[in-house]
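One letter stands for each residue in the lines below.
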Amino acid sequence: MAEAKALAEALIRALDSKRAQKIELLRVGDITILADYFILCTATSTTQIRTLSDLCEEAAENLGETVHHKEGERESGWVLLDFSTVVVHIFLPEQREFYQLERLWKDGQQVDISALLELSRQERKQQLEENRA
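Note that the structure is predicted; figures quoted are calculated from it, not measured.

The rules behind the values
Residues numbered from 1 in each chain as written. Predicted model: local features only at pLDDT ≥ 70, side-chain atom pairs only at ≥ 80, totals over all residues. Heavy atoms only, no water. Pairing = 2+ DSSP bridges. Helix = DSSP H or I, 4+ residues; strand = E, 2+ residues; numbered from the N terminus. Axes fitted to C-alpha atoms, helices over the stretch in contact; angles between N-to-C directions. Parallel < 35°, antiparallel > 145°, perpendicular 65-115°, else oblique. Left-handed = near helix turned anticlockwise from the far one by under 90°. Contact = heavy atoms within 4.5 Å. Salt bridge = Lys/Arg side-chain N within 4 Å of Asp/Glu carboxyl O. Buried < 20%, exposed > 50% of the residue type's maximum accessible area, 1.4 Å probe, protein only. Phe/Tyr/Trp six-rings, centres within 6.5 Å; stacked < 30°, edge-to-face > 60°.

1. Focus on the sheet that holds strand 4 (residues 78–82)
Read from one edge of the open sheet, six strands run 3-4-5-2-1-6, paired in mixed fashion. In this open sheet, the two strands that pair with only one neighbour each are strand 3 (69–71) and strand 6 (109–111). Neighbour to neighbour, the strand axes of the sheet diverge by 20° on average, direction disregarded. Pairing geometry for strand 2 (residues 37–42) and strand 5 (residues 86–91), over six bridges, is parallel. Each bridged residue has a counterpart across the sheet, and for Cys41 the counterpart in strand 5 is Ile90.

Written as structure tokens, this is what we have:
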């Protein structure tokens, strides 16, 4: 079983690899028993919601984790993936604006993931260059 932070980082890297937008990581373990972390991100289409959802499940499985609960359908514009210690919310822009989970969970601590995203993008760029060679 993966540590919550390691799982969250793997999920964020997976989301970023398929161009999820506005990825945010909230540490909520001190204010709820629901999870240690929430990941929020925006998809540009229902097709991307499905891609991101599938990729999160794959990334978790690589760490020996499985999704314990799923809610929503990609057509609804919001999918929730519950990995117990980490919950992933994938929204279309309209649904993210409407539900404003960042505001609802404002007492959670926003974790800076900029270095993780930069590393993920550097690795992706390196892979592209290697594939071209």
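Let's pick the thread back up.
2. Considering the packing of helix 1 (residues 4–17) against helix 5 (residues 114–132)
For the pair helix 1 and helix 5, interaxial distance at closest approach is 10 Å and the crossing angle is 50°. Relative to helix 5, helix 1 is oriented oblique. Crossing angle aside, the handedness with which helix 1 passes helix 5 is right-handed. Residue-level inspection shows Glu9, Ile12, Arg13, Asp16 and Ser17 of helix 1 in contact with helix 5, the latter providing Leu116, Leu117, Leu119, Ser120, Arg121, Glu123 and Arg124.

3. So, the pattern of salt bridges
Going through the model one piece at a time under the given rule, you end up with six salt bridges. A salt bridge links Asp54 to Arg50; the nearest nitrogen and oxygen atoms lie 3.9 Å apart. Linking Asp54 with Arg50, this pair stays in helix 2 (residues 46–62), spanning four residues, or about one helical turn. With its nearest N and O atoms 2.5 Å apart, the salt bridge here joins Glu102 to Arg96. Accessibility expressed as a relative area gives 25% for Glu102, which makes it partly exposed.

4. Things to note about the packing of aromatic side chains
Inspection of the entire model under this criterion finds four aromatic pairs. On the numbers, 4.5 Å between centres and 45° between planes, the contact of Trp78 with Tyr99 is tilted. Residue Trp78 is found in strand 4, and its partner Tyr99 is found in helix 3 (residues 93–99); the two are separated by 21 residues along the sequence. Looking at Trp78, the relative accessible area reads 22%, which means it is partly exposed. Judged by relative accessible area, which is 39%, Tyr99 ranks as partly exposed. Seen in terms of ring centroids, Phe98 and Tyr99 are 4.9 Å apart; in terms of plane orientation they differ by 90°. Their pairing is edge-to-face.

5. Things to note about the environment of Pro93
Relative to the assigned elements, Pro93 resides in helix 3. A relative accessible area of 39% places Pro93 in the partly exposed class. Measuring from C-alpha to C-alpha, the distance between Pro93 and Cys41 comes to 9.2 Å, with 52 residues separating the pair along the chain. Ignoring any residue separated from it by four or fewer positions in sequence, one finds Pro93 in contact with Thr42 and Ala43.

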